[in-house]
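If you want the building blocks of each chain, they are given just below.
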Amino acid sequence: MNVQKVMVVGAGQMGSGIAQVCAMAGFEVILHDMKTEFIERGINNINKNLQRQVDKERMSSAEKEDVLNRISQSVDLQNAEKVDLVIEAAVENMEIKKALFAQLDEITPQHTILATNTSSLPITEIAAATKRPEKVIGMHFMNPVPVMKLVEIIRGLATADEVYETIENMTNKLSKVPVEVNDFPGFVSNRILMPMINEAIFTVYEGVATPEAIDDVMKLGMNHPMGPLTLADFIGLDTCLYIMETLHEGFGDDKYRPCPLLRKYVKAGWLGRKSGRGFYTYET
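Residues numbered from 1 in each chain as written. Predicted model: local features only at pLDDT ≥ 70, side-chain atom pairs only at ≥ 80, totals over all residues. Heavy atoms only, no water.

A.B. asks: Quick one: what's the story with the state of the cysteines, residue by residue and with numbers?
C.D. replies: Covalently bonding the sulfur atom of one cysteine to the sulfur atom of another cysteine gives a disulfide. Tallied over the full model, the rule gives zero disulfides. Note on cysteine 240: no disulfide assigned, nearest cysteine sulfur contributed by cysteine 259 at a separation of 12 Å. By relative accessible area, cysteine 240 is classed as buried at 1%. (Disulfide = S-S within 2.5 Å. Buried < 20%, exposed > 50% of the residue type's maximum accessible area, 1.4 Å probe, protein only.)

Shown next as structure tokens:
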């Protein structure tokens, strides 16, 4: 199947990044969100990212304008009626995603592939909200999308081989590296990453060391580019908690139990970089 027109649902950090890389690869993109202000914020982020490429002489001003001209805005989901692929990058909540996929199933043409950028939720359960489970697939981009090379491609129970191959080919066109993963909670990336972050939080909680010391150990001792607590703040502590809860519920194994300190910080509104405070403080 030939993908030409893509709708990205959700104009936040992930959605705007996905829209950018799709437009840069020559796809016609509709960036959809509930409010115009959300979309304008996303377009503004794309513009800033592209301008940096122009400033570094990796892209001309004309090429930048061509990319921006390939992105149109939408606040009406009905605009999905002529797209070949939808990539959903909405909030990480199963009920919201299932409702959205049920709507998209009604609106989009029969050939349209419905992909989700979920970082941990079961593809099979999302697919069950549609009448086309064979055309539902996971396409988990990494943050920040324009920079990170990996895309985890997750088959649901019913995902067709042809659909997988189409998404794999498209991922290559985006200059990303597709990696096939089966449908288990957290897939590969977050099943490994989040327990490490959770254990780092336990290490703070138990008074073993300060956040700075823990991050230094992992950066200098394990050659990680960023310490786990800095990374948790970057991801968002609320997102980290949600993924740990998804792992805990999905596997029924207490090794995935979220650290009480993580719960406390989220309840306090200390969500990391986006709220100005997490394990570190930030200027907002």
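A.B. asks: Can you tell me about the packing of aromatic side chains, naming the residues and giving the values?
C.D. replies: This structure, assessed with the given rule, holds four aromatic pairs. Ring centres 5.0 Å apart and planes at 65° place the aromatic pair tyrosine 265 and tryptophan 270 in the edge-to-face group. Judged by centre distance (4.9 Å) and plane angle (40°), the ring pair of tyrosine 265 and phenylalanine 279 falls under tilted. Of this pair, tyrosine 265 sits in helix α11 (residues 260-267) while phenylalanine 279 sits in the segment after α11; the two residues are 14 residues apart in sequence, bridging distant segments of the chain. (Phe/Tyr/Trp six-rings, centres within 6.5 Å; stacked < 30°, edge-to-face > 60°. Helix = DSSP H or I, 4+ residues; strand = E, 2+ residues; numbered from the N terminus.)

A.B. asks: I'd like a rundown of the packing of helix α10 (residues 237-251) against α11, residues and numbers included.
C.D. replies: Relative orientation of the contacting elements α10 and α11 amounts to 135°, with a least axis distance of 9 Å. Put simply, α10 runs oblique to α11. Crossing geometry of α10 relative to α11 is assigned as left-handed. The residues of α11 that touch α10, namely those facing Leu237, Asp238, Cys240, Leu241 and Glu245, are Leu262, Arg263, Tyr265 and Val266. Taken together, the residues of the contact of α10 with α11 sort by class into six nonpolar, no polar and three charged. (Axes fitted to C-alpha atoms, helices over the stretch in contact; angles between N-to-C directions. Parallel < 35°, antiparallel > 145°, perpendicular 65-115°, else oblique. Left-handed = near helix turned anticlockwise from the far one by under 90°. Contact = heavy atoms within 4.5 Å. Nonpolar A, V, L, I, M, F, W, Y, C, P; charged D, E, K, R; others polar.)

A.B. asks: Quick rundown of the UniProt feature "domain: 3-hydroxyacyl-CoA dehydrogenase C-terminal" (unreviewed entry) in the protein chain? Include the residues and the values.
C.D. replies: Mapped onto this numbering, the UniProt entry annotates "domain: 3-hydroxyacyl-CoA dehydrogenase C-terminal" (unreviewed entry) at residues 186-282. In this annotation, residues 186-282 is assigned 62% helix and 0% strand; the end-to-end C-alpha distance for the span is 28 Å. (UniProt positions renumbered as here; feature names shortened; annotations may be inferred.)

A.B. asks: Just give me the short version of the UniProt feature "domain: 3-hydroxyacyl-CoA dehydrogenase NAD binding" (unreviewed entry) in the protein chain, but keep the residues and values in it.
C.D. replies: Cross-referencing UniProt, the feature "domain: 3-hydroxyacyl-CoA dehydrogenase NAD binding" (unreviewed entry) maps to residues 5-183 in the present numbering. Taken end to end, residues 5-183 has its terminal C-alpha atoms 27 Å apart, with 41% of it in helix and 22% in strand.

A.B. asks: Could you give an account of the packing of helix α7 (residues 189-205) against helix α9 (residues 228-235), naming the residues involved and the relevant values?
C.D. replies: Where α7 meets α9, the axes come as close as 9 Å, and the angle between the chain directions of the two elements is 115°. Between α7 and α9, the crossing angle belongs to the class labelled roughly perpendicular. Considering how the two elements wind past one another, α7 and α9 form a crossing that is left-handed. For the pair formed by α7 and α9, the contact residues are Leu193, Met194, Met196, Ile197, Ala200, Ile201 and Val204 on the first element and Pro228, Leu229, Leu231, Ala232 and Ile235 on the second.

A.B. asks: How would you explain the sheet that holds strand β5 (residues 113-116) if you had to name every residue and give the values?
C.D. replies: Spatial strand order, β3-β2-β1-β4-β5-β6-β7-β8: eight strands in an open sheet with mixed pairing. Edge positions in the sheet fall to β3 (71-74) and β8 (177-181), since each of these pairs with one other strand and no more. Averaged over all pairs of adjacent strands, the angle between their axes in this sheet comes to 25°, without regard to strand direction. The pairing of β5 with strand β6 (residues 136-141) spans three bridges and is classified as parallel. Bridge assignment links alanine 115 to a residue of β6, and that residue is isoleucine 137. The sheet strands contacting helix α1 (residues 13-24) are β1 (5-9), β2 (28-32), β3, β4 (85-88) and β6, and the helix crosses β2 at an angle near 170°. (Pairing = 2+ DSSP bridges.)

A.B. asks: Break down a positive patch on the surface for me, citing the residues and quoting the values.
C.D. replies: Where like charges cluster on the molecular surface, the positive patch consists of Lys48, Arg52, Lys56 and Arg58. Mapped onto the elements of the fold, arginine 58 is located in the loop between α2 (36-55) and α3 (61-69). (Patch = residues over 30% accessible without salt bridge, like charges linked within 9 Å, V, L, I, M, F, W, Y side chains within 5 Å. Areas by Shrake-Rupley, 256 points an atom, 1.4 Å probe, with all protein chains shown as cover. Salt bridge = Lys/Arg side-chain N within 4 Å of Asp/Glu carboxyl O. Lys, Arg positive; Asp, Glu negative; His and termini not counted. Charge placed at Lys NZ, Arg CZ, Asp CG, Glu CD.)

A.B. asks: Could you give an account of the side chain of threonine 108, with specific residues and numbers?
C.D. replies: Topologically, threonine 108 is positioned in the loop between α4 (94-107) and β5. Among the polar contacts made by the side chain of threonine 108, one reaches the main-chain carbonyl oxygen of leucine 104 at a distance of 2.6 Å. Only 3.0 Å separates the side chain of threonine 108 from the side chain of arginine 132, close enough to count as a polar contact. For threonine 108, the residues in contact, after removing those within four places along its chain, are Ala80, Val83, Val86, Leu114 and Arg132. (Polar contact = N/O pair within 3.5 Å; in protein donor to acceptor, adjacent residues only side chain to side chain.)

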